[in-house]
Amino acid sequence: MSDAPTPHRASPRSAPDDVWARVRADYLSGLPAAEACRRHGVGLTAMRNRAAREGWRRADLPWTPPQTLDPDDEGLMLEDMVAGDLDRVELYQLTHVAHRRMLRAIMRGRATEALRWRRVRLALEAEQAIEAQLAEQEQRLWAQRHGPGPAGHVD
């Protein structure tokens, strides 16, 4: 029998290397370990063992502000879509973001976070209702001052 250490062999049920590469990338980009594992279908213990064995250390990376949002988060996509110009964001879009984040929190068993996002969504919906009322009042005032629009004009 040889005293040489046996090289590590992946078990027949181990995820392929390309999956582990994505887990590593997500983990090192700041995604929580449990979330990276859930996203790619690998076990947390297996991930921690591989990270220790292969030296996946966030401590070796330069400091960056924490990012706890999914890379596919609707808010991040919306911000990209408006190129950071928040004046281009409509309330209905923010309502959609809050609703999706609430659903995501529920699916992950984060009840407190889900309730927070629900309150945000309800506040945004209330703000939308107020804006709609104000727009309607403005239309009525305009019609009272200027009379009905031209014949055939449809609002």
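An account of the accompanying structure is given in this report.

1. Here we look at the environment of His96
Okay, so step 1: For His96, the location among the structural elements is in helix H5 (residues 91–107).
Okay, so step 2: You can call His96 partly exposed: its relative accessible area is 43%.
Okay, so step 3: His96 sits 22 residues away from Glu74 along the chain, and the two C-alpha atoms are 8.1 Å apart.

2. Observations regarding the packing of aromatic side chains
Okay, so step 1: A complete count under the given rule lists one aromatic pair for this structure.
Okay, so step 2: Measuring from centroid to centroid gives 6.4 Å for Trp20 and Trp56, while their planes differ by 55 degrees, and the two rings are tilted. Note that Trp20 is positioned in helix H1 (residues 17–28) and Trp56 in the loop between helix H3 (44–54) and helix H4 (74–81), a separation of 36 residues in sequence. Both residues of the pair, Trp20 and Trp56, belong to the buried class.
Okay, so step 3: If you follow Arg58 out to its NZ or CZ, it ends over the ring of Tyr27, 3.9 Å from the centre.

3. Things to note about unusual backbone geometry
The phi angle of most residues is negative, glycine excepted, and most peptide bonds adopt the trans form.
Okay, so step 1: In this model, Ala83 sits at a positive phi of 55 degrees, which is unusual for a non-glycine residue.
Okay, so step 2: Assignment of secondary structure puts Ala83 in the loop between H4 and H5.
Okay, so step 3: Residue Ala83 is classed as exposed on the basis of its relative accessible area, which comes to 66%.

Cut-off values and rules
Residues numbered from 1 in each chain as written. Predicted model: local features only at pLDDT ≥ 70, side-chain atom pairs only at ≥ 80, totals over all residues. Heavy atoms only, no water. Helix = DSSP H or I, 4+ residues; strand = E, 2+ residues; numbered from the N terminus. Buried < 20%, exposed > 50% of the residue type's maximum accessible area, 1.4 Å probe, protein only. Phe/Tyr/Trp six-rings, centres within 6.5 Å; stacked < 30°, edge-to-face > 60°. Lys NZ or Arg CZ within 6 Å of the ring centre and 35° of its normal.

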